Amino acid sequence: MNVPLLGSFQIYVLLPAIAVALTQGFTLEEATQALMDYRLPPGRMNPIPGIKESLIIDSSYNASPEAVKQALDILSETPGRKVAVLGNMNELGVVTEQKHREIGQYTVGRADFLFTVGESAQWIHEEAKNSGFADDAVAHFPDALAAAEFVRKIVQKHDTILVKGSQNKVRLERLVKKLMQEPEKAEELLARQGSQWDNIQ
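Since we're looking at a predicted model, the values are computed, not measured. (Residues numbered from 1 in each chain as written. Predicted model: local features only at pLDDT ≥ 70, side-chain atom pairs only at ≥ 80, totals over all residues. Heavy atoms only, no water.)

Interhelical geometry of helix H3 (residues 65–76) versus helix H4 (residues 96–107) gives an angle of 10° and a closest axis separation of 10 Å. What the angle tells us is that H3 and H4 run roughly parallel. From H3, Pro65, Val68, Lys69, Leu72 and Asp73 reach across to H4, where they touch Lys99, Glu102, Ile103, Tyr106 and Thr107. Split by residue class, the contact of H3 with H4 holds five nonpolar, one polar and four charged. (Axes fitted to C-alpha atoms, helices over the stretch in contact; angles between N-to-C directions. Helix = DSSP H or I, 4+ residues; strand = E, 2+ residues; numbered from the N terminus. Parallel < 35°, antiparallel > 145°, perpendicular 65-115°, else oblique. Contact = heavy atoms within 4.5 Å. Nonpolar A, V, L, I, M, F, W, Y, C, P; charged D, E, K, R; others polar.)

Pasting the structure below:
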């Protein structure tokens, strides 16, 4: 069975889904076929063709510390240059700085380039540099569009670009749209599209 989902951890989602299907009278073949046709909602670790024959892993819908680590593990297994674009992880309370710094440390060895977006993500940037990231491989940006303009200039053929961050004051789906091979498909493929989102930070 070939299911279009990234990450070995997805097995913990797929197996219960098959088990439930069997209890509801579906055959194993019907259950596995349904999963092979399944697509995740926008912004949840979806592969999207990028500019210059790059690949974007779009996880711009939301972010938490463990989910970011899982995403970085997936990035580390991809061929070619590995680019991580990480935004704030919101709603972490008193451990906000600690958890962002942990991600900065975790990124070392799993990405070749690290670009961060948002006030809290500054701690990811700082800790990555403190932990060994070269100065010319890491940069911080105030917003998604500024980061997009920079990444557009450095991206190369066969790069894989992981994009992950929380919604408020980050909105990394805006960066993904700028890097997509076919931005006209943004309404179909990306989170938070449409006129009602245009003026929301």
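Moving on to the packing of aromatic side chains. For the structure shown, the criterion picks out four aromatic pairs. Arranged with centres 6.3 Å apart and planes meeting at 20°, the rings of phenylalanine 113 and phenylalanine 115 form a pair that is stacked. An aromatic cluster of at least three residues, connected via ring pairs, comprises Phe113, Phe115, Phe141 and Phe150. A cation over a ring is seen here: lysine 69 above tyrosine 106, with NZ or CZ 5.6 Å from the ring centre. The lysine or arginine in question, arginine 110, covers the ring of tyrosine 106, its NZ or CZ lying 3.6 Å from the ring centre. (Phe/Tyr/Trp six-rings, centres within 6.5 Å; stacked < 30°, edge-to-face > 60°. Lys NZ or Arg CZ within 6 Å of the ring centre and 35° of its normal.)

The next point concerns the sheet that holds strand S2 (residues 55–59). Across the sheet, six strands lie side by side as S1-S2-S6-S3-S4-S5; this open sheet has mixed pairing. With one partner strand each, in any of the chains shown, strand S1 (46–49) and strand S5 (138–141) form the two edges of the open sheet. Pairs of neighbouring strands in the sheet enclose a mean axial angle of 20°, with direction left out of account. In terms of strand pairing, S2 meets strand S6 (residues 160–164) through five bridges, oriented parallel. (Pairing = 2+ DSSP bridges.)

Burial runs high along strand S3 (residues 82–87): six of the six residues are buried. Of the two faces of S3, the one holding Lys82, Ala84 and Leu86 and the one holding Val83, Val85 and Gly87 are both buried throughout. Pairing analysis gives five bridges linking S3 to S6, with the strands arranged parallel. Within the sheet, the bridge partner assigned to lysine 82 lies in S6 and is threonine 160. As paired strands, S3 and strand S4 (residues 113–117) are joined by five bridges and run parallel to one another. (Buried < 20%, exposed > 50% of the residue type's maximum accessible area, 1.4 Å probe, protein only.)

Here the focus is the environment of threonine 160. Here threonine 160 is to be found in strand S6. Filtering out sequence-adjacent residues up to four positions away, threonine 160 remains in contact with Leu55, Ile57, Leu75, Thr78, Pro79, Arg81, Lys82 and Val83.

Let us now look at a positive patch on the surface. Residues Lys52, Arg152, Lys177 and Lys178 make up a contiguous surface patch of positive charge. If you trace the backbone, lysine 52 turns up in the loop between S1 and S2. When its relative accessible area of 44% is taken as the criterion, lysine 52 is described as partly exposed. (Patch = residues over 30% accessible without salt bridge, like charges linked within 9 Å, V, L, I, M, F, W, Y side chains within 5 Å. Areas by Shrake-Rupley, 256 points an atom, 1.4 Å probe, with all protein chains shown as cover. Salt bridge = Lys/Arg side-chain N within 4 Å of Asp/Glu carboxyl O. Lys, Arg positive; Asp, Glu negative; His and termini not counted. Charge placed at Lys NZ, Arg CZ, Asp CG, Glu CD.)

Buried within helix H2 (residues 28–36) are the following residues: Ala31, Thr32 and Leu35. Take H2 and look down its axis: the buried residues cluster within an arc of 95°, on one side only. (Arc of directions from axis to C-beta.)

In terms of nonpolar packing, the biggest core is built from 47 residues, with Val85, Leu86, Leu114, Phe115, Leu162, Val163 and Leu175 touching the most fellow members. For this core, the element with the most residues is H3, which contributes five residues. When near neighbours in sequence (up to four residues on either side) are disregarded, leucine 86 contacts Val68, Ile103, Thr107, Leu114, Phe115, Thr116, Val117, Ala121, Ile124, Leu162, Lys164 and Leu172. (Core = buried A, V, L, I, M, F, W, Y, C linked by side-chain atoms within 4.5 Å.)

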